[in-house]
Amino acid sequence: MSGRREKRDRKAKKLILPAFAAILCLAVLAFIAVSHETEEETATITVSAAASLTEAFTDIAREFEAENPDTKVELNFAGSGTLRTQIESGAPVDVFASASESDMDLLSGKGLIEESSRRDFAANTVVMVVPEKNRSESPKKLEDLTAHSVEKIAIGNPETTPAGKYAKHALEDAGIWDEIESKVIPGETVKQVLTYVETGEVDAGFVFITDAENCRKDLYEIALTVPVNESIIYPIAVINESSSKEKAQKFVNFVIGKRGQEILAEHGFKKP
């Protein structure tokens, strides 16, 4: 009896072990398949956006990711001209949000954007800000910048920073650019210009009103709204070389949609 039982046990083990191995193998294959599927479905899109959009797009990206858990948004902020140059050089960018129509136009002329995806999504205004500590002696109008008491003026690099370009045009229209050019301290972004004003390193600076309204208002005063003879419009588009065009387009749609526009308005942007 015991001999027959031992034979049955050995036979059962021979059947169980291969079955267990087969089940284990199937489980491993299923795990690999699910992991691979997840990797394929989850994507990271890179959004290059003008520095003046930092706060607004940080909020937009957070809400977009919450609605689209299969997509992670990586934000890259800089002057619009700098971002355009990066894209022209082949940087892996999926979406470009510019503070300047001209920078988007240059990419369009080179066939680097999906034309059907391009939309105007916001508008802005340039203001002159002055340090709070020198408020009584600060310039109140553009012509005041020519005074000897005004020694340094911060302006974004007009070649790469839209706010700087718009400010320079306004100063040229006022007929004082040549007179004050030697006083100009260039900034790479409007954020850097505002820092110069906050720390009192300059007597005046030119930034977008959205930056002025969202930073340390106890350190500076908005002296005036700068007269600009052109609309300051922000366009957005999917980049042609994007490897995740569908997800990139979803992000664009979110920005121009109801919630995206609400967030932009909360940060002081106007509708285009």
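As a reminder, the structure under discussion sits directly above these lines.
Only a predicted model underlies this, so the values are computations on that prediction, with no experimental measurement involved.

Criteria and thresholds
- Per chain, residues are indexed from 1 in the order of the written sequence.
- Predicted model: local features are reported for residues with pLDDT of at least 70 only, side-chain atom pairs are reported and counted for 80 or more only, and whole-chain, interface and lining totals are derived from all residues.
- The basis for every side-chain value is the complete set of non-hydrogen atoms in the structure, without hydrogens or water.
- The cut-offs for exposure are 20% and 50% of the maximum accessible area for each residue type, with area from a 1.4 Å probe on protein chains only; residues under the lower value are buried, those over the upper are exposed, and the others partly exposed.
- The helix count covers DSSP runs of H or I at least four residues long, the strand count covers runs of E at least two residues long, and both are numbered beginning at the N terminus.
- As used here, the arc belongs to the directions running from the helix axis to the C-beta atoms.
- We call two residues in contact when some of their heavy atoms are within 4.5 Å.
- Put simply, a salt bridge is a Lys or Arg side-chain nitrogen that is within 4 Å of an Asp or Glu carboxyl oxygen.
- By the criterion applied in these results, polar contacts are pairs of N or O atoms within 3.5 Å in which, for protein atoms, one can donate a hydrogen and the other can accept it, and in which residues neighboring in sequence qualify only through two side-chain atoms.
- Two strands are counted as paired when DSSP detects at least two bridges linking them.
- For helices, the fitted axis covers only the stretch in contact; all axes are lines through C-alpha atoms, and the angles between them, taken along N-to-C directions, range from 0 to 180 degrees.
- An angle counts as roughly parallel when it lies under 35 degrees, as roughly antiparallel when it exceeds 145, as roughly perpendicular when it falls between 65 and 115, and as oblique in every other case.
- Put simply, a crossing is left-handed when the front helix is turned counterclockwise from the back one by less than a right angle, and right-handed when it is turned clockwise.
- Think of it as three bins: nonpolar holds Ala, Val, Leu, Ile, Met, Phe, Trp, Tyr, Cys and Pro, charged holds Asp, Glu, Lys and Arg, and polar takes everything else, Gly as well.
- What counts as a ring pair is set by centres within 6.5 Å for rings of Phe, Tyr and Trp (its six-membered ring), and what kind of pair is set by the plane angle: stacked under 30 degrees, edge-to-face over 60, tilted for all other angles.

1. A look at helix 3 (residues 80-88)
Then step 1. The set of residues buried in helix 3 consists of S80, G81, L83, R84 and I87. Along the axis of helix 3, the buried residues cluster in a sector spanning 160°; they form a single face.
Then step 2. The secondary structure elements touched by the buried residues of helix 3 are strand 1 (43-50), strand 2 (71-78), strand 3 (95-97), helix 4 (101-109) and helix 5 (162-173).
Then step 3. Just downstream of helix 3 lies G90, where phi reads positive at about 95°.

2. Examining the pattern of salt bridges
Then step 1. Per the counting criterion, the structure on display carries 13 salt bridges.
Then step 2. Among the salt bridges present, the one from D59 reaches R62, with a minimum N-O distance of 2.9 Å. One end of the pair, D59, and the other, R62, are both in helix 2 (residues 54-67), three residues apart, so they sit about a helical turn from each other.
Then step 3. For D59, a relative accessible area of 23% translates into the label partly exposed.
Then step 4. Taken together, the shared-partner salt bridges in this structure form one network comprising E63, R259, E262 and E266.

3. Observations concerning the side chain of N124
Then step 1. Mapped onto the fold, N124 is located in the loop between strand 4 (119-123) and strand 5 (126-131).
Then step 2. Judged by its relative accessible area of 6%, N124 falls in the buried class.
Then step 3. Separated by 2.9 Å, the side chains of N124 and T210 make a polar contact.
Then step 4. At 2.9 Å, the side chain of N124 and the side chain of Y234 are in polar contact.
Then step 5. With near-sequence residues (within four places) excluded, N124 lies in contact with F208, I209, T210, I232, Y234, F269 and K270.

4. Some words on the sheet that holds strand 9 (residues 220-225)
Then step 1. Taken together, five strands build an open sheet; the order of strands is 7-6-8-5-9 and the sheet is mixed. Bordering the open sheet on either side are strand 7 (184-187) and strand 9, each of which pairs with just one other strand. Neighbouring strand axes in the sheet, compared pairwise and without regard to direction, differ in orientation by 35° on average.
Then step 2. Of the strand pairs in this sheet, strand 5 and strand 8 (residues 204-208) are connected by four bridges, and their pairing is antiparallel. Note on strand 8: the bridge partner recorded for V129 is G205.
Then step 3. Helix-sheet contacts for helix 5 involve strand 5, strand 6 (153-156) and strand 8, and the interaxial angle to strand 8 is about 120°.
Then step 4. Packed onto the sheet, helix 7 (residues 190-198) meets strand 5, strand 6, strand 7, strand 8 and strand 9 and runs at close to 145° relative to strand 8.

5. Observations regarding the packing of helix 2 against helix 10 (residues 258-266)
Then step 1. Contact geometry of helix 2 with helix 10 gives a least axis separation of 9 Å together with a crossing angle of 150°. Of the possible angle classes, the one that applies to helix 2 and helix 10 is roughly antiparallel. Crossing geometry of helix 2 relative to helix 10 is assigned as right-handed. Residues A56, F57, D59, I60 and E63 of helix 2 lie in contact with helix 10, whose contacting residues are R259, G260, I263 and L264.
Then step 2. Of the residues belonging to the contact of helix 2 with helix 10, the class tally is five nonpolar, one polar and three charged.

6. Focus on the sheet that holds strand 10 (residues 233-238)
Then step 1. Read across the open sheet, the five strands follow the order 2-1-3-10-4; overall the sheet is mixed. Each having just a single partner strand, strand 2 and strand 4 make up the two edges of the open sheet. Taken pair by pair, the neighbouring strands of this sheet meet at an average axis angle of 20°, ignoring direction.
Then step 2. Bridge count between strand 4 and strand 10: four bridges; the pairing is antiparallel.

7. Observations regarding the packing of aromatic side chains
Then step 1. Within this structure, the stated rule accounts for eight aromatic pairs.
Then step 2. Ring geometry for F57 and F121: centres 5.9 Å apart, planes at 45°, overall tilted. Of the two residues, F57 sits in helix 2 while F121 sits in strand 4, which places them 64 residues apart along the sequence.
Then step 3. Exposure remark for F57: the relative accessible area of 0% places this residue in the buried category.
Then step 4. The class of F121 is buried, set by a relative accessible area of 1%.
Then step 5. Each ring, one from Y234 and one from F269, has its centre 5.4 Å from the other, and the planes form 80°; the classification is edge-to-face. One end of the pair, Y234, is in strand 10; the other, F269, is in the segment after helix 10, and 35 residues separate them in sequence. For the pair Y234 and F269, one class covers both residues: buried.
Then step 6. Pairwise contacts between aromatic rings join F57, F64, F121, Y166, F208, Y234, F251, F254 and F269 into one cluster.

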